[in-house]
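# Summary of structural features
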Amino acid sequence: MSKPVKSPPGRPRSAQSHQAILQAALELLAEVGFERMSIDAIAARAGVGKPTIYRRYKSKEELVADAIESCRQEYIVPDTGSLWGDIDALINSAAQITFTPLGRQTVAMMISTASSNPQFAQVYWTKYLQPRRQAFAVVFERAKLRNEIQADLDSDLVFDLISGIMLYALVFQATTEPWEGYIRRTLHLLLREPPS
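A short tour of the structure in this document, coming up. None of these values were measured; they are calculated from a predicted model.

Quick look at the overall build of the protein now. A count of helices and strands for the protein gives 9 helices and 0 strands. Its helices and strands in sequence order give the protein the pattern α-α-α-α-α-α-α-α-α, from N to C terminus. For the protein, buried positions account for 39% of its 196 residues. Accessible surface for the protein amounts to roughly 11600 Å². Of this, 56% is attributable to carbon and sulfur atoms.

Glancing now at the pattern of salt bridges. A complete count under the given rule lists 11 salt bridges for this structure. Its salt-bridge partner being R45, residue E31 comes within 2.8 Å of it at the nearest N-O pair. Of this pair, E31 sits in helix α1 (residues 15–32) while R45 sits in helix α2 (residues 39–46), and the two are 14 residues apart along the sequence. By relative accessible area, E31 is classed as exposed at 51%. What you see here is one network of salt bridges that share partners, running through E27, E31 and R45.

The general pattern is negative phi for most residues beyond glycine and trans for most peptide bonds. Within the chain, N147 stands out as a residue other than glycine whose phi angle is a positive 60°. When you line up the elements, N147 lands in the loop between α7 (118–145) and α8 (155–172). Look at N147 and you get exposed, because its relative accessible area is 68%.

Moving on, we come to the layout of surface pockets. Once rolled over the atoms, a probe with the size of a water molecule shows which space is left empty. One number sums up the size of the largest pocket: a volume of about 630 Å³. If you trace the largest pocket, you find 29 residues lining it, with A94, Y128, L129, S163 and M166 closest to the centre. Of all the elements in the fold, those that place two or more residues in the lining of the largest pocket are α5 (83–98), α6 (101–116), α7, α8 and α9 (179–190). Looking at the lining of the largest pocket, the element that brings in the most residues is α8, giving 8 residues. Residue composition of the lining of the largest pocket, by class: 20 nonpolar, 6 polar and 3 charged.

Conventions used here
Residues numbered from 1 in each chain as written. Predicted model: local features only at pLDDT ≥ 70, side-chain atom pairs only at ≥ 80, totals over all residues. Heavy atoms only, no water. Helix = DSSP H or I, 4+ residues; strand = E, 2+ residues; numbered from the N terminus. Buried < 20%, exposed > 50% of the residue type's maximum accessible area, 1.4 Å probe, protein only. Areas by Shrake-Rupley, 256 points an atom, 1.4 Å probe, with all protein chains shown as cover. Salt bridge = Lys/Arg side-chain N within 4 Å of Asp/Glu carboxyl O. 1 Å grid on protein atoms, 1.4 Å probe; cavity = no way out; pocket = protein on both sides within 12 Å on 5 of 7 lines; lining within 4 Å. Points joined across faces, edges and corners; volume = space filled by probe spheres on them. Nonpolar A, V, L, I, M, F, W, Y, C, P; charged D, E, K, R; others polar.

What follows is the structure in structure tokens.
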């Protein structure tokens, strides 16, 4: 009779436990905010030990950034065949993500935490903002090849400016027009092109 195969020591790094950790982090973020949430509380809610979390993440900042990223839809660079078709797709995608309870909580947390926590700001930039900045550059490079915009346009600067406007419009609601329309009008101004 053969002996049963022994499992290796320690808990397996299962996808299920990883998802439980991310879900617990999101729930606590919405309930108590970034500063008041702790690795202890995340571990308890997820039903895992703290070592399980620390095997994956070096810090709470890194975990929260990954949790925020996990609840967003897969980011696909649009390719509609025109600059403004691509831009409309990007704006609509941003609106779908932002105008939810978690989306608003995320924006509030990101602004308050990034301004006082350089480590979080760096993680959020690397994991979330930089990939979107690169996608924006792809859209603009294609537009340059189609002669829709000037060849020397700085896509990174335009992305940074429009990101600031998006946050401003979300926090202060400085206009009565829809958020998407305000962002599109801003981009027309930046690109020196009259709205159609």
